[in-house]
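Chains, contacts and geometry: an overview
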Amino acid sequence: MDAERRALELSWGRVSAWWFPPQGRPRGDVLLLHGGGLDNASLSWGGLAPVLAASGYRVVAPDAPGYGSTPMPPWPVTQDRLVAFVGEVIEAAGLKRPVIGGLSMGGGMALGYALTPGASLRGLIVLGSYGLTGQFISGRGAPLWNRVTSWAIQSGWLGKFERGVARNRALLRWSVDSGSLVRDPARLDAAMREEIAREGASPHAFEAFEQWQRSEVLPEGLRSNYVPRLHEIRVPTLIVHGESDQGVPVEAARAAAAEIPGAELVVVPGGRHWVQRDAPGVVDAAVLGFLARLA
């Protein structure tokens, strides 16, 4: 199925987005938000979006500010600004009460938007989502490691390291094959690896992510922790999480499902942070089933 790349005109600039037209009888709109780091709409959603479109959903997947083909915005990239970006995209794309899905940072954007007064959405899907814990690192020695990580981010050291890895093919391959994204590196084919490398070589690689990290990762923990407000979410919600997610512990997803009224939880056995790429069959079926129940 051929997707179409379109430009969305927002008040502050132009955003690039992939549009996947629905096949057959239209069944509603779905907005998909990708993660941080070396990511973009195609990398996160190039597998799931066509599946949803083939089932009758109009899917819009934007490159977030500073990612993919969307340039850096004229404002600092913070969580609050990215949450506002979700509403701007919905309006500019003419989406009618979409189901909003988000991965990692995009999951945090979706959660934040769902908690915004007057938010327009029909359902919520979060995968390996940010915003489900107050600590960047959990477990033994967490307070110390959180302070060290915050220092590495605030000093700029981590950003320089990430850019160095992204621009070195051998180091980038090592990073991708480390097992933090997917269990089996063979799931990332040559085309995906090339796209990851292109994202890493872009002039603004990690710039937006570094700004967001500086705002979010504080010495005492993460700035945006939505757990105390999850009970306020009043739309049907699906939480999909990898059992072995190294970025967000699965315990956080289980706790979130208990807080959100009526939330559905799907834990993918052995799944890692890029759970939609790690176990596409499981995730595709879970999302399609959830959307069908909404209808």
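Quick caveat: nothing in here was measured; it's all calculated off a predicted structure. (Residues numbered from 1 in each chain as written. Predicted model: local features only at pLDDT ≥ 70, side-chain atom pairs only at ≥ 80, totals over all residues. Heavy atoms only, no water.)

1. What to know about the nonpolar core
Keep this limit in mind: Here, nonpolar core refers to any group of buried Ala, Val, Leu, Ile, Met, Phe, Trp, Tyr and Cys residues whose side-chain atoms link them within 4.5 Å. Whether a residue is buried, partly exposed or exposed follows from its accessible area with a 1.4 Å probe, protein chains only, as a fraction of its type maximum: under 20%, in between, or over 50%, in that order. Labels follow the DSSP assignment, with helices taken as runs of H or I lasting at least four residues and strands as runs of E lasting at least two, numbered in each case from the N terminus. The contact criterion used is simple: two residues touch if any of their non-hydrogen atoms lie within 4.5 Å.
Core analysis: the biggest nonpolar cluster contains 92 residues, and L31, I100, L124 and L291 have the highest contact counts within it. Of the residues forming this core, the biggest block, 7 residues, is contributed by helix 3 (residues 79-93). For L124, the contacting residues outside a window of four places in its chain are V99, I100, A110, L111, A114, I233, V235, P236, T237, L238 and F290.

2. Side note on the environment of D278
With respect to the helices and strands, D278 occurs in helix 11 (residues 275-278). Using a relative accessible area of 0% as the deciding quantity, one classes D278 as buried. Counting along the chain gives 144 residues from D278 to G134, while the straight-line C-alpha distance between them is 26 Å. The residues contacting D278, other than those within four sequence positions of it, are L181, V182, R183, D184, R187, G270, G271 and R272.

3. Structural notes on the layout of surface pockets
For clarity, the threshold we go by: Using a grid of 1 Å spacing that covers the protein atoms alone, one calls a set of points a cavity when a 1.4 Å probe fits there but cannot get out, and a pocket when the set is open and has protein on both sides within 12 Å along at least five of seven lines; lining residues are those with an atom within 4 Å of a point. Grid points are joined across faces, edges and corners, and a volume is the space filled by probe spheres set on the points. Each residue receives one of three labels: charged for Asp, Glu, Lys and Arg, nonpolar for Ala, Val, Leu, Ile, Met, Phe, Trp, Tyr, Cys and Pro, and polar for the others, Gly being one of them.
Volume-wise, the largest pocket comes out at about 1,500 Å³. As for the largest pocket, its lining consists of 45 residues, and the residues nearest its centre are F136, E162, S180, F209 and Q213. Elements represented by at least two residues in the lining of the largest pocket include exactly helix 5 (142-154), helix 6 (157-166), helix 7 (169-176) and helix 9 (207-216). At 5 residues, helix 6 tops the list of elements feeding residues into the lining of the largest pocket. Tallied by class, the residues present in the lining of the largest pocket amount to 25 nonpolar, 17 polar and 3 charged.

4. Some remarks on the pairing of strand 4 (residues 57-62)
Using the following cut-off: A pair of strands is labelled paired if DSSP reports no fewer than 2 bridges between them.
Here strand 4 lies mainly inside the structure; 5 of its 6 residues are buried. Across 4 bridges, the pairing between strand 2 (residues 13-20) and strand 4 is antiparallel. Following the sheet pairing, W18 is matched in strand 4 by A61. Of the pairings in the sheet, the one linking strand 3 (residues 28-33) to strand 4 comprises 4 bridges and is parallel in character. Bridge pairing in strand 4 places D29 opposite R58.

5. What about the side chain of S224?
Basically, it comes down to this: Each polar contact in these results corresponds to two N or O atoms within 3.5 Å; when the atoms are within protein, one needs to be able to donate a hydrogen and the other to accept it, and residues that are neighboring in sequence are counted only if both atoms are side-chain atoms.
As for its position among the elements, S224 is in the loop between strand 8 (221-222) and strand 9 (237-242). Of the polar contacts made by the side chain of S224, one reaches the side chain of E216; its length is 3.0 Å. Excluding anything up to four places from it in sequence, S224 contacts Q79, Y130, G131, T133 and E216.

6. Side note on the packing of aromatic side chains
Condition: Side-chain rings of Phe, Tyr and Trp (the six-membered ring for Trp) are treated as a pair once their centres are within 6.5 Å; stacked means planes under 30 degrees apart, edge-to-face means over 60, and tilted covers the remaining angles. Note on geometry: a ring has a charge over it if NZ (lysine) or CZ (arginine) is within 6 Å of the ring centre and within 35 degrees of the ring normal.
The full count for this structure, using the stated rule, is 5 aromatic pairs. Measuring from centroid to centroid gives 5.6 Å for W157 and F161, while their planes differ by 5°, and the two rings are stacked. Separated by 4 residues within a single helix, W157 and F161 lie in helix 6, roughly one turn from each other. Classification of W157 as partly exposed rests on a relative accessible area of 47%. Assessed through its relative accessible area of 43%, F161 is described here as partly exposed. For R6, the ring lying beneath its charged end belongs to W19, and the centroid distance is 4.2 Å. Cation over ring: R81 sits above W75, and NZ or CZ is 4.2 Å from the ring centre.

7. Remarks on helix 8 (residues 190-201)
This is how it is decided: To estimate how far a helix should extend, the number of its residues minus one is multiplied by 1.5 Å.
For helix 8, built from 12 residues, the straight-helix expectation of 16 Å at 1.5 Å per residue is met to within 8% by its first-to-last C-alpha distance of 16 Å. Buried residues in helix 8 make contact with helix 1 (41-45), helix 6, helix 7 and helix 11. Capping of helix 8 at its N-terminal end is provided by D189; its side-chain oxygen lies 3.3 Å from the backbone amide nitrogen of A191.

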